[in-house]
Amino acid sequence: MLQYFMPTRVIMGEDSIKKNPSVFSEMGKKALIVTGKSSAKKNGSLDDVIEVLSKNGQSWSIYDKVMSNPTVECVYEGASHARAEEVDYVIGIGGGSPMDAAKAIAMLACQDITEDQLFSGNYGKEVLPMIFVPTTAGTGSEVTSASVLTHHKQKTKIGISSPVLFPDVAFLDAKYMDDLPRDVTVYTVIDALSHSVEGMLSVRANPLTDALASVSIRMIASCFEALKKFDLSRKDRENLLYASTLAGMVISSTGTVAVHAMGYSLTYFKNMDHGRANGVLLAEFLRFIEEHLPDKVEQILSYMGMKNVDEFKDLLDELLGLKEEITLDEINMYTEITMPKHNIKNTIVEPKKEDIFNIYKSSLC
Ligand code: NAP
Ligand code: ZN
């Protein structure tokens, strides 16, 4: 079914948290604040939230143990913390990892779901209300209904997805990204770019998601030169943040396609950051699509002001630097893991096993 649905209220601009204290008081008395280990404490986002809660006379408890690529174990631990503290709502602050963990925690705090049921997609409607504050410009998790978790038993990352997982409110304030390091900035921007490009190459793409994707790709491309020099103004940071939220809105309806399916193995086995994993595969994936749908790829490249896939690959190579080594045996294993993933069937041209193998090979060998 072709549709566009995204129910999250998005509030944007500098100091938007401090200017909107009632958004927090309306959610309940006590919050669980979910963050990663340290960045939220350093970039001002946690301070702003705590200032508002204190002024509102609200209480809170902090769960700050979310690691990058959060695990199933982590979200169950966070949910026990939420239950023990009897919180009314969840505030997720950070990159995609704390935001994704916060979604699963908000649901597991209300529903008894076993680990085996967690990836079934069959959940009740009970979930704690959620306020999200993205501090990277990449995942768009603040406006999606997906929570991507590391599943050690299946040796991969899997998304859980349900309309109940859409956050209620997202605050977009680029000031929290002033000191985002170069590599995290580049990888997360490429993740956002990948979301918009993949959204356009999804079987669920439609005129509304294509419109959002085209603006998002153009906004990101307007920052390519600044990204290469890593000389980003606050305005650039803001453009990248809004572009990444737009890209999140795209995948909230289209889902991601083969690039994300393939990238999960690179993250799981090679410890590659999520956005980097997508970035090393994206150009060769476009080359595969180009063989079948050249006009579509030409259109995407034109949004970036580029003439061909080689030009795009050169840009990604410059941004990503030296690539990891990978053997043909590893590629065979990743191909087996990737093929059953639902994002493969979601691709506008469904890749066969040999296509997936070849995209890995031409990207990394
Ligand atoms: P991340 O894992 O959330 O964060 C990466 C690193 O950046 C961490 O070390 C973090 O530190 C640091 N950091 C975050 N914000 C910072 C800031 N403002 N200043 C300085 N450092 C900062 O990375 P991410 O790329 O944003 O998220 C990746 C995850 O999102 C993956 O698990 C991926 O699968 C998932 N994802 C989800 C969706 C979705 O729709 N739900 C879509 C795409 C990707 P701390 O740990 O100290 O915070
Ligand atoms: Zn992604």
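Structure shown above.
Residues numbered from 1 in each chain as written. Chains lettered and ligands numbered in written order. Predicted model: local features only at pLDDT ≥ 70, side-chain atom pairs only at ≥ 80, totals over all residues. Heavy atoms only, no water.

1. Here's the deal with the site of ligand 1
The environment of ligand 1 is made up of 30 residues, and the closest members are Ser39, Ser97, Thr135, Thr136 and Lys157. Side-chain polar atom of Thr136 to an oxygen atom of ligand 1: 2.8 Å apart, as the coordinates give it. Separating a nitrogen atom of ligand 1 from a backbone N or O atom of Tyr176 is a distance of 2.9 Å. Compared with its free state, where it exposes 950 Å², ligand 1 has 86% of that area covered by protein. Where the shell around ligand 1 is concerned, the elements lending two or more residues are α5 (96–108), β6 (146–151) and α7 (182–200). Ranked by residue count, the leading element in the shell around ligand 1 is α5, at five residues. The residue inventory of the shell around ligand 1, partitioned by class, reads eight nonpolar, 17 polar and five charged. (Near = heavy atom within 4 Å. Polar contact = N/O pair within 3.5 Å; in protein donor to acceptor, adjacent residues only side chain to side chain. Areas by Shrake-Rupley, 256 points an atom, 1.4 Å probe, with all protein chains shown as cover. Helix = DSSP H or I, 4+ residues; strand = E, 2+ residues; numbered from the N terminus. Nonpolar A, V, L, I, M, F, W, Y, C, P; charged D, E, K, R; others polar.)

2. Things to note about the packing of helix α8 (residues 207–221) against helix α13 (residues 294–303)
Relative to each other, α8 and α13 sit at 45°, their axes nearing to 8 Å. Taken as axis vectors, α8 and α13 run oblique relative to one another. Contacts between α8 and α13 pair Asp210, Ser214, Ile217, Arg218 and Ala221 from the former with Lys296, Ile300 and Tyr303 from the latter. Across the contact of α8 with α13, the residue classes tally to four nonpolar, one polar and three charged. (Axes fitted to C-alpha atoms, helices over the stretch in contact; angles between N-to-C directions. Parallel < 35°, antiparallel > 145°, perpendicular 65-115°, else oblique. Contact = heavy atoms within 4.5 Å.)

3. A few points about a negative patch on the surface
On the surface, Glu290, Glu291, Asp295 and Glu298 cluster together into a patch of negative charge. Elements represented by at least two residues in the negative patch include exactly α12 (274–292) and α13. Following the sequence through the fold, Glu291 ends up in helix α12. (Patch = residues over 30% accessible without salt bridge, like charges linked within 9 Å, V, L, I, M, F, W, Y side chains within 5 Å. Salt bridge = Lys/Arg side-chain N within 4 Å of Asp/Glu carboxyl O. Lys, Arg positive; Asp, Glu negative; His and termini not counted. Charge placed at Lys NZ, Arg CZ, Asp CG, Glu CD.)

4. Side note on the side chain of Thr188
Take Thr188: it is sitting in helix α7. A relative accessible area of 13% places Thr188 in the buried class. When near neighbours in sequence (up to four residues on either side) are disregarded, Thr188 contacts Thr136, Ala137, Gly138 and Leu180. (Buried < 20%, exposed > 50% of the residue type's maximum accessible area, 1.4 Å probe, protein only.)

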